[in-house]
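One letter stands for each residue in the lines below.
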Amino acid sequence: MAHASWTDQIDAVLSTTSDLLFSWVLMWLLVGAGIFFTVRTRAVQLRHANAIAASVAGSRDGRHGGITSFQAFAVGLACRVGTGNIVGVALALIMGGPGAVLWMWLVAILGTATAFSEATLAQLFKVRRADGTYRGGPAYYISRGLRLPILGSVFAIVFLIANGLVMPMVQANAITASLQGAGGISPSLGAVLVVVLTAPVLLGGLRAMARVAEYLAPLMALAYLVLVLAILLTHPVQAWEALRSIIEGAFGLRQGLGGLAGGVTAALLNGVRRGLFSNEAGLGGAACAAGSATVEHPVQQGFIQAFGVVVDTLFVCTATALAILVAGADVFEPGATAKETAGTLTQDAIAQLVGEWSRWPMALLVVVLAYTTIIGAFSYAQVCLDYLTDRLWVSRALQVGAVICAGIGSVQQLTTVWTLADVLLGVGAIINLAALVLLSRWVVGALRDWESRRGAPTSDGNRPAFSGDSEHLPSALPEGAWERPVIR
């Protein structure tokens, strides 16, 4: 009994801390960061909306070697577009009503400025490795930008544990649960499948992870968006009514559109929370991916990572919400649908609209989303480990450990471990947000440098190359940071 009481106390402390971090502290810090960087960059997401939209063009150029800009974008997208876009959005609708969606859109617009800023910083302070690839991210800009290497190490350790060991458990459990729900596949068989799928990729290193994410993450997101678009086109009246309910629910213009928590406040809080934690802007993970890309100018990666926020929230999360709302009262009714149904609500809605045959494809979608999230999250852990040490055997030990953790997580839920991961990610996010604000002048300097070069071609038709001692930066970058790639 004493042992049970001790573990229960740990669970209670971790749960309370996690709830505090993610329900209030981080929510307002992330909103504040979005507002801060929108003002600081003079609304870069609006002024340079065309550049953000066009950022994917040419991003697969591999002439520089290493990891391409698009691959880094896809790794970030793999984590952003995950099971939270399916289950999390459903829960936001249940708790906050249709109006929650509008507030998701608002925080996504703010989040693009934060995502742009952390990706640009990751590029500015990245370092080249012996194999020609780069590493960057919060640990690097905390260490080299703020000159706080110990704090950089703290961030790296926190993120390494959460993303490299615990996240594979969480997502592997989601995979086996989805397979069991759709086809009765046992968790033990699901565990074998998870290990077979993850081992070759995780053991293959960062380049292997980037190659897999480059294809899987965008293709699955695109397939899901095409499916929902087809639903909207074949149900135009219901689609229009769904959009009306989002606007009216957000401002309390019509009775009966509140969620279980009731009212405009509930719509705002649930929409903001889902939008923030879905697009991951400011949490530090996507910056790890951004710092590994090979680009001509740091701002280029800032734009494409900002585009990732648009894809995640404005496209994929919205698609989930509209599919549920179009399905109507047979599946979802504001204020009446139980929150316990969130796990299957999206699948139920799509099955109602296109037929029961869609349950297996939706289960497959959840499997792939969870799988790509494992890959994306582990790549963050790999970047953090490379900051701490370059010993090959340590890297191999982490890769093997992640595969083992995925196998364990497939067959049993480890609630305490998952809650610990939430706490670690929350602490890492707070460290990252503080660093972003303190280093914001570097973001502004890099943006001004990019803006000054847009219309200034040289005599040979090429733009002047970005350098670490640009006159727009607060000072020269530290030695070894930002080395311009060489075209092969």
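Residues numbered from 1 in each chain as written. Predicted model: local features only at pLDDT ≥ 70, side-chain atom pairs only at ≥ 80, totals over all residues. Heavy atoms only, no water.

**Student:** Hey, could you run me through the overall build of the protein chain in this one?
**Tutor:** Looking only at helices and strands, the protein chain features 19 helices and 2 strands. Here the C-alpha radius of gyration of the protein chain, 22 Å, is about what a compact globule of 488 residues would show, namely 23 Å. Projected onto its principal axes, the C-alpha coordinates of the protein chain cover approximately 65 × 55 × 40 Å. Residue pairs in contact within the protein chain that sit at least 24 positions apart in sequence constitute 83% of those at least 6 positions apart. Counting only carbon and sulfur atoms, one obtains 64% of the accessible surface of the protein chain, whose full area is about 19,500 Å². Of the charged side chains in the protein chain, 29 are positive and 27 negative; the average position of the first set lies 8 Å away from that of the second. (Helix = DSSP H or I, 4+ residues; strand = E, 2+ residues; numbered from the N terminus. Rg over C-alpha atoms; globule rule 2.2 N^0.38 Å. Contact = heavy atoms within 4.5 Å. Areas by Shrake-Rupley, 256 points an atom, 1.4 Å probe, with all protein chains shown as cover. Lys, Arg positive; Asp, Glu negative; His and termini not counted. Charge placed at Lys NZ, Arg CZ, Asp CG, Glu CD.)

**Student:** Sorry if this is basic, but what is going on with unusual backbone geometry here?
**Tutor:** Negative phi values dominate among residues other than glycine, just as trans dominates among peptide bonds. Phi is positive for Arg-42, close to 55°, though the residue is something other than glycine. With respect to the secondary-structure elements, Arg-42 resides in the loop between α1 (2–40) and α2 (44–47). The backbone of Arg-147 sits at a positive phi, close to 60°, despite the residue not being glycine. Turning to its location among the elements, Arg-147 is positioned in the loop between α7 (138–144) and α8 (149–183). For Arg-147, a relative accessible area of 64% translates into the label exposed. (Buried < 20%, exposed > 50% of the residue type's maximum accessible area, 1.4 Å probe, protein only.)

**Student:** Help me understand the packing of helix α6 (residues 100–124) against helix α19 (residues 440–454), please; the structure alone is not making it clear to me.
**Tutor:** Think of two packed helices as two axes; the pair is described by the angle between the axes and how far apart they sit. In the contact formed by α6 and α19, the axes pass within 9 Å of each other and the chain directions differ by 85°. Judged on the interaxial angle alone, α19 and α6 are roughly perpendicular. Where α6 abuts α19, its residues Phe-116, Ser-117, Thr-120, Leu-121 and Leu-124 lie against Trp-442, Val-443, Ala-446 and Leu-447. Of the residues belonging to the contact of α6 with α19, the class tally is 7 nonpolar, 2 polar and no charged. (Axes fitted to C-alpha atoms, helices over the stretch in contact; angles between N-to-C directions. Parallel < 35°, antiparallel > 145°, perpendicular 65-115°, else oblique. Nonpolar A, V, L, I, M, F, W, Y, C, P; charged D, E, K, R; others polar.)

**Student:** Can you walk me through the nonpolar core in this structure?
**Tutor:** Side chains of nonpolar character tend, in soluble globular proteins, to be buried together. Counting residues in hydrophobic clusters, the biggest one holds 153 residues, and the most contacted among them are Leu-121, Leu-124, Tyr-141 and Tyr-224. Apart from residues lying up to four places away in sequence, Tyr-141 is in contact with Glu-118, Leu-121, Ala-122, Phe-125, Leu-146, Ala-287, Asn-432, Ala-435, Leu-436 and Leu-439. (Core = buried A, V, L, I, M, F, W, Y, C linked by side-chain atoms within 4.5 Å.)

**Student:** How do you make sense of the pattern of salt bridges when you look at a structure like this?
**Tutor:** Counted by the stated rule, this structure contains 8 salt bridges. The residue Arg-244 makes a salt bridge to Glu-241 at a minimum N-O spacing of 3.6 Å. Placement of the pair is Arg-244 and Glu-241 together in helix α11 (residues 236–250), with a separation of 3 residues, close to one helical turn. On the basis of relative accessible area, Arg-244 is assigned to the partly exposed category, the value being 37%. The class of Glu-241 is partly exposed, set by a relative accessible area of 30%. Residue Asp-449 is joined to Arg-453 by a salt bridge in which the shortest nitrogen-to-oxygen separation is 2.5 Å. Of this pair, Asp-449 and Arg-453 are both found in helix α19, 4 residues apart, which corresponds to roughly one turn of the helix. Of the two residues examined, Asp-449 and Arg-453, each falls in the buried class. Salt bridges sharing common partners tie together Arg-42, Arg-47 and Glu-451. (Salt bridge = Lys/Arg side-chain N within 4 Å of Asp/Glu carboxyl O.)

**Student:** I would appreciate a short explanation of the environment of Gly-184 in the present structure.
**Tutor:** Checked against the element boundaries, Gly-184 lands in the loop between α8 and α9 (187–202). Residues Gly-184 and Ile-10, 174 residues apart in the sequence, show an inter-C-alpha distance of 34 Å.

**Student:** Which parts of the structure should I look at to understand the confidence of the model for the protein chain?
**Tutor:** Confidence along the protein chain averages 83 in pLDDT terms, with 92% of residues attaining 70 or more. Here helix α12 (residues 263–279) is the element of the protein chain with the lowest mean pLDDT, 75, and α7 is the one with the highest, 95. (pLDDT = per-residue confidence, 0-100.)

**Student:** Is there a simple way to explain the packing of helix α5 (residues 87–96) against helix α14 (residues 298–327) in this structure?
**Tutor:** It is the contact of α5 with α14, at a shortest axis distance of 9 Å, that shows an interaxial angle of 55°. By the angle between their directions, the pair α5 and α14 is classed as oblique. Considering the relative orientation of α5 and α14, their crossing is right-handed. Across from Val-89, Ala-90 and Leu-93 in α5, the residues of α14 making contact are Cys-317, Thr-320, Ala-321 and Ile-324. In terms of residue class, the contact of α5 with α14 is made up of 6 nonpolar, 1 polar and no charged. (Left-handed = near helix turned anticlockwise from the far one by under 90°.)

**Student:** Sorry, what's going on with the packing of aromatic side chains here?
**Tutor:** Between two aromatic rings, the relevant description is the distance of the centres plus the angle of the planes. Under the defined criterion, the tally for this structure stands at 10 aromatic pairs. Note on Phe-303 and Trp-450: the rings are 4.9 Å apart at their centroids and 75° apart in plane angle, and the pair reads as edge-to-face. Remark: Trp-450 occurs in helix α19 and Phe-303 occurs in helix α14; sequence separation between them is 147 residues. As far as the burial class goes, Phe-303 and Trp-450 line up, both buried. Taken together, Phe-70, Phe-73 and Phe-307 form an aromatic cluster joined through their ring pairs. The lysine or arginine in question, Lys-126, covers the ring of Tyr-134, its NZ or CZ lying 3.9 Å from the ring centre. (Phe/Tyr/Trp six-rings, centres within 6.5 Å; stacked < 30°, edge-to-face > 60°. Lys NZ or Arg CZ within 6 Å of the ring centre and 35° of its normal.)

**Student:** Whenever I open this one, a nonpolar patch on the surface confuses me. Can you help?
**Tutor:** Taken together, Leu-20, Trp-24, Val-25, Trp-28, Leu-29 and Ile-430 make up a surface patch of nonpolar side chains, about 540 Å² in accessible area. In terms of residue count, the dominant contributor to the nonpolar patch is α1 (5 residues). With respect to the helices and strands, the residue Leu-29 is situated in helix α1. (Patch = residues over 30% accessible without salt bridge, like charges linked within 9 Å, V, L, I, M, F, W, Y side chains within 5 Å.)

**Student:** Help me understand the side chain of Ser-55, please; the structure alone is not making it clear to me.
**Tutor:** Secondary-structure assignment places Ser-55 in the loop between α3 (49–53) and α4 (69–80). Overall, Ser-55 belongs to the buried group, its relative accessible area being 13%. Setting aside residues no more than four positions away along its own chain, Ser-55 makes contact with Phe-303, Ile-304 and Phe-307.

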